[in-house]
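Here's the letter readout for the chains.
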Amino acid sequence: MLLSELLVLGLGSNTPRGEDSCVDLLRKACVQLSRLFTIFEVSSVYRTKPMYMEKQERFHNMVVCGIPAPGTSPMELLGEIHRIEASLGRDRSREIRNGPRTLDIDIEMFGTESVDEPALQIPHPRIRERAFVLVPLDDALSGKFMRLKDSVAKFLGVDFSDIKSGDNDVEFFMDKNSFMMPIKNMLNIVEKKD
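Just so it is clear, the model here is predicted, and its values are computed rather than measured.

(A) Structural context of the packing of aromatic side chains. With the rule as written, the count across this model stands at two aromatic pairs. Ring plane angle 85° and centroid distance 5.8 Å describe the contact between Tyr46 and Phe172, whose orientation is recorded as edge-to-face. Here Tyr46 is found in strand 3 (residues 45-48), whereas its partner Phe172 is found in strand 8 (residues 170-174), with 126 residues between them in sequence. Assessed through its relative accessible area of 6%, Tyr46 is described here as buried. Note on Phe172: relative accessible area 49%, which makes it partly exposed. When the ring centre of Tyr52 is taken as reference, the NZ or CZ atom of Arg126 above it lies at 5.7 Å. Taking NZ or CZ as reference, Lys149 lies 6.0 Å from the ring centre of Phe160, over its face.

Structure (structure tokens):
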């Protein structure tokens, strides 16, 4: 695996939808997102303080990373992400910028690509200030992608050893194994239908 192949997505939710909790929405998003990867890894889930619009519920945040399916372009990926968000209740036309949402998926990093379009900037321009992304990213990179951790830190200009969870802004909520157990069952069901 090379740094140039690594896709990193940040996920967040602070608004349940019907009977689905924020964690349920993250799980359902991961099931759909997993189809876009050939190798897929998740972080644990963290509860985080909202940054830009503070008068709202805390977010449940996590990161997924891996190797995207061959031939995937950043703009095609963005279209798929918007489709997944909409399928889980996000209505961009009715929401307040940086406000509450059922699901938010950001492309944080697409290998070493740089994109600067009105609809998409990669790497994410505010990633260095977002502990709610960096703490879960550090977690996710501690698995299958451990050998890329130093390269990711250098590429993004961050020092993972300076990023701490457990403060008032980012609190550990659920370990990745507990989070993944229902997803593994959902993925088995999806595979049996295909």
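(B) Spotlight on the pattern of salt bridges. Taken as a whole and judged by the stated rule, the model has 13 salt bridges. The partner of Arg58 in a salt bridge is Glu171, and the shortest N-O contact between them spans 3.9 Å. In this pair, Arg58 sits in the loop between strand 3 and strand 4 (59-68) while Glu171 sits in strand 8, placing the two residues 113 residues apart along the sequence. In this structure Arg58 comes out as partly exposed when scored by relative accessible area, which is 21%. The partly exposed category is assigned to Glu171, whose relative accessible area is 33%. With a closest N to O distance of 3.1 Å, Lys176 and Asp139 form a salt bridge. Taken as a pair, Lys176 in helix 5 (residues 176-193) and Asp139 in helix 3 (residues 131-140) lie far apart in primary sequence, 37 residues in all. Because the salt bridges share partners, they merge into one network encompassing Glu85, Arg90, Arg92, Glu95, Arg101 and Asp104.

(C) The pairing of strand 1 (residues 7-13), seen in detail. Most of strand 1 is tucked away: seven of the seven residues are buried. The side-chain alternation of strand 1 yields two buried faces, one formed by Leu7, Leu9, Leu11 and Ser13 and the other by Val8, Gly10 and Gly12. Relative to strand 4, strand 1 runs antiparallel, the two being bridged by seven bridges. Considered in strand 4, the bridge of Gly10 is made with Val63.

Reading the values: rules and limits
Residues numbered from 1 in each chain as written. Predicted model: local features only at pLDDT ≥ 70, side-chain atom pairs only at ≥ 80, totals over all residues. Heavy atoms only, no water. Phe/Tyr/Trp six-rings, centres within 6.5 Å; stacked < 30°, edge-to-face > 60°. Helix = DSSP H or I, 4+ residues; strand = E, 2+ residues; numbered from the N terminus. Buried < 20%, exposed > 50% of the residue type's maximum accessible area, 1.4 Å probe, protein only. Lys NZ or Arg CZ within 6 Å of the ring centre and 35° of its normal. Salt bridge = Lys/Arg side-chain N within 4 Å of Asp/Glu carboxyl O. Pairing = 2+ DSSP bridges.

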